[in-house]
Amino acid sequence: MYYKTLFKHSFLFGSLVGAVLILASLTFYWKGVSINYNPTLLFINRGLIILGIYFGVRKYRDEVLFGVISYGRAFIAGTLMIAVASFFYAMYIYILTSYFDGGILQEAVDFTEKGLVEIGYDDDQVELLMSIYRKITPGIFAFSQWLGKVMAGVFFSLIVAFFFRQKRNLFNNSPIDKFNDSKNQ
């Protein structure tokens, strides 16, 4: 029962956060602003991920677990939510780069090449790295977006779960007994 409600709740909040991440990205895209390596969009995405974890874990703790959640459950709930959100965002990136705007991949390649030159790599090293980087497909690019967002979600879930862990029900004022059958565990 616990896992069924956890996955249901994580899918619901993950899909909501994913939709908001996609809307934020589309807003920048429709305005003609780059969605690759854009610090403003990155800041907005990180804020949306934190808010999604915060509200999702809080709602899960209060409504499903009756106000009591362990650190591990809060961490897993937040991570699952962001994994689902990242999946939807990665699908959006895949569709966008595959069917609508392949220039996004070229922009990423150009940005990476410019960054490598600015860092101070030799021309031979830049050319070697770019020969590998130019082979990136929309699927690999979408996977890297998914992985990056999941890693951010794991990091932020670690922090948010620390603040949400609750050893006892605030309404009951009695400590949790792990050996009884109450629903306050």
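Since we're looking at a predicted model, the values are computed, not measured. (Residues numbered from 1 in each chain as written. Predicted model: local features only at pLDDT ≥ 70, side-chain atom pairs only at ≥ 80, totals over all residues. Heavy atoms only, no water.)

## Some remarks on the confidence of the model for the protein chain
Thinking step 1. Looking at the protein chain as a whole, the pLDDT averages 86, with 88% of positions reaching at least 70.
Thinking step 2. For residues 175–180, every residue scores under 50 in pLDDT, and the model assigns this stretch nine contacts once sequence neighbours within four places are set aside. (pLDDT = per-residue confidence, 0-100. Contact = heavy atoms within 4.5 Å.)

## Re the nonpolar core
Thinking step 1. Ranked by size, the top nonpolar core spans 36 residues in total, and within it Ile35, Ile49, Ile53, Val57, Tyr92 and Ile93 carry the most contacts.
Thinking step 2. At the level of elements, α1 (2–30), α2 (39–64), α3 (71–100), α4 (103–119) and α6 (138–164) are the ones that each hand at least two residues to this core.
Thinking step 3. Element by element, the count of residues in this core is highest for α3, at 10 residues.
Thinking step 4. Every residue in contact with Ile35, bar those within four places of it in the chain, is listed here: Ser25, Phe28, Tyr29, Leu41, Tyr92, Ile93, Leu96 and Ile104. (Core = buried A, V, L, I, M, F, W, Y, C linked by side-chain atoms within 4.5 Å. Buried < 20%, exposed > 50% of the residue type's maximum accessible area, 1.4 Å probe, protein only. Helix = DSSP H or I, 4+ residues; strand = E, 2+ residues; numbered from the N terminus.)

## Points about the UniProt feature "transmembrane region" (unreviewed entry) in the protein chain
Thinking step 1. UniProt's feature table lists "transmembrane region" (unreviewed entry) at residues 12–30, 36–57, 64–95 and 146–164, given in the numbering used throughout.
Thinking step 2. Segment residues 12–30 splits into 100% helix and 0% strand. End C-alpha atoms: 27 Å apart.
Thinking step 3. As a span, residues 64–95 carries 81% helix and 0% strand, and end to end its C-alpha atoms are 35 Å apart. (UniProt positions renumbered as here; feature names shortened; annotations may be inferred.)

## Brief notes about the pattern of salt bridges
Any two side chains of opposite charge can pair, given that their charged atoms come close.
Thinking step 1. One pass over the structure, following the stated rule, counts four salt bridges.
Thinking step 2. Residues Arg134 and Glu113 are paired through a salt bridge, measuring 3.6 Å at the closest nitrogen-oxygen approach. With Arg134 in the loop between α5 (123–133) and α6 and Glu113 in helix α4, the pair connects residues that are 21 residues apart, well separated along the chain.
Thinking step 3. For Arg134, a relative accessible area of 41% gives the class partly exposed.
Thinking step 4. On the basis of relative accessible area, Glu113 is assigned to the partly exposed category, the value being 26%.
Thinking step 5. Salt bridges here are not isolated pairs; linked through shared partners, they connect Glu113, Glu127 and Arg134. (Salt bridge = Lys/Arg side-chain N within 4 Å of Asp/Glu carboxyl O.)

## Here we look at α4
Thinking step 1. Between its terminal C-alpha atoms α4 stretches 24 Å, which fits the 24 Å expected from 17 residues at 1.5 Å a residue.
Thinking step 2. Of the residues making up α4, those classed as buried are Ile104, Leu105, Ala108, Val109 and Leu116. Buried residues along α4 cover an arc of 145° about the axis, so they all sit on one side. Facing away from the buried surface of α4 by more than 90 degrees, the exposed residues are Lys114 and Glu118.
Thinking step 3. Gly120 sits one or two positions beyond α4 and adopts a positive phi of about 115°. (Expected span 1.5 Å × (residues − 1). Arc of directions from axis to C-beta.)

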